[in-house]
Amino acid sequence: MDQSFPNRSVKPFRMGRIPSYPVTGDQLLADAENRLQNHADIFGCALFQSRNDILSTLVALVEDEDYRTKFGKVNSEPFAALAELLPESQAAAMKIAELAMNRLIEAMVGQLAAGARALPGDYCVSYKLEAQLEKITGATTNGVKLKKVDKCTILDANQSVLSASFNRWLQRFGKTTV
């Protein structure tokens, strides 16, 4: 785990790291053949980076009593109990947390990719996921100026690479040291 993350002066789960994305914006624009999968992989990379940040925070909460106090008495009790266990038992608990988050990501991807889902009252709900690539063109005191340069539909009623992407993401982005 990255020892500089999480910042233990900040309340737990209030920050995350920017992922190391698998492609650059220029590569997204240049690689038309793999455009859809590359956009999906950026989404997957972000999901797994969030998972890794959560795991790092969980480890810090178990290891550091001062950090646990920032989380509040009620919230920190399970972590204090874990801190009392042998290191092997702590590692097993972290592995269970990792597997649970992996299953959550997989289930979420499955829900998004499932297509129209019936709702009561003769309705259906379906999801659409689009990625928009924007070029930074400048900055002002109000933030950065952006210009849209590409838009890619990763998931809609006609297409989805998500359901086939989870195992790919797990192999590419799912490695941890917990």
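Owing to the predicted nature of the structure, the values given are computational and were not obtained by experimental measurement.

(A) Fine view of the overall build of the protein chain. Within the protein chain one finds six helices and four strands. Counting helices and strands in the order they occur from the N terminus, the protein chain gives α-α-α-α-α-β-β-β-β-α. Seen through its C-alpha atoms, the protein chain measures out along the principal axes to roughly 50 × 50 × 35 Å. Put simply, 63% of the contacts in the protein chain that link residues at least 6 apart link residues at least 24 apart. Carbon together with sulfur atoms contributes 53% to the accessible area of the protein chain, which is approximately 11,100 Å² in total.

(B) Expanded view of the pattern of salt bridges. Under the defined criterion, the tally for this structure stands at 11 salt bridges. Among the salt bridges present, the one from Arg8 reaches Asp64, with a minimum N-O distance of 3.1 Å. With Arg8 in the segment before helix H1 (25–30) and Asp64 in the loop between helix H2 (35–63) and helix H3 (65–71), the pair connects residues that are 56 residues apart, well separated along the chain. A relative accessible area of 29% places Arg8 in the partly exposed class.

(C) Structural context of the pairing of strand S4 (residues 143–155). Where strand S3 (residues 129–140) and S4 come together, 11 bridges link them in antiparallel fashion. Directly across from Gln132, in S4, lies its bridge partner Lys151.

(D) Looking closely at H2. Taking 1.5 Å per residue as the helical rise, H2 with its 29 residues ought to reach 42 Å, and the 42 Å between its terminal C-alpha atoms agrees with that figure. Among the 29 residues in H2, 21 count as buried, and that is most of the element.

(E) Layout of the packing of aromatic side chains. This model, assessed by the stated rule, comprises four aromatic pairs. Taken together, the ring pairs in this structure connect Phe13, Phe71 and Phe79 into an aromatic cluster. The residue whose ring lies beneath Arg8 is Tyr67, and the NZ or CZ to ring-centre distance is 6.0 Å.

The rules behind each value
Residues numbered from 1 in each chain as written. Predicted model: local features only at pLDDT ≥ 70, side-chain atom pairs only at ≥ 80, totals over all residues. Heavy atoms only, no water. Helix = DSSP H or I, 4+ residues; strand = E, 2+ residues; numbered from the N terminus. Contact = heavy atoms within 4.5 Å. Areas by Shrake-Rupley, 256 points an atom, 1.4 Å probe, with all protein chains shown as cover. Salt bridge = Lys/Arg side-chain N within 4 Å of Asp/Glu carboxyl O. Buried < 20%, exposed > 50% of the residue type's maximum accessible area, 1.4 Å probe, protein only. Pairing = 2+ DSSP bridges. Expected span 1.5 Å × (residues − 1). Phe/Tyr/Trp six-rings, centres within 6.5 Å; stacked < 30°, edge-to-face > 60°. Lys NZ or Arg CZ within 6 Å of the ring centre and 35° of its normal.

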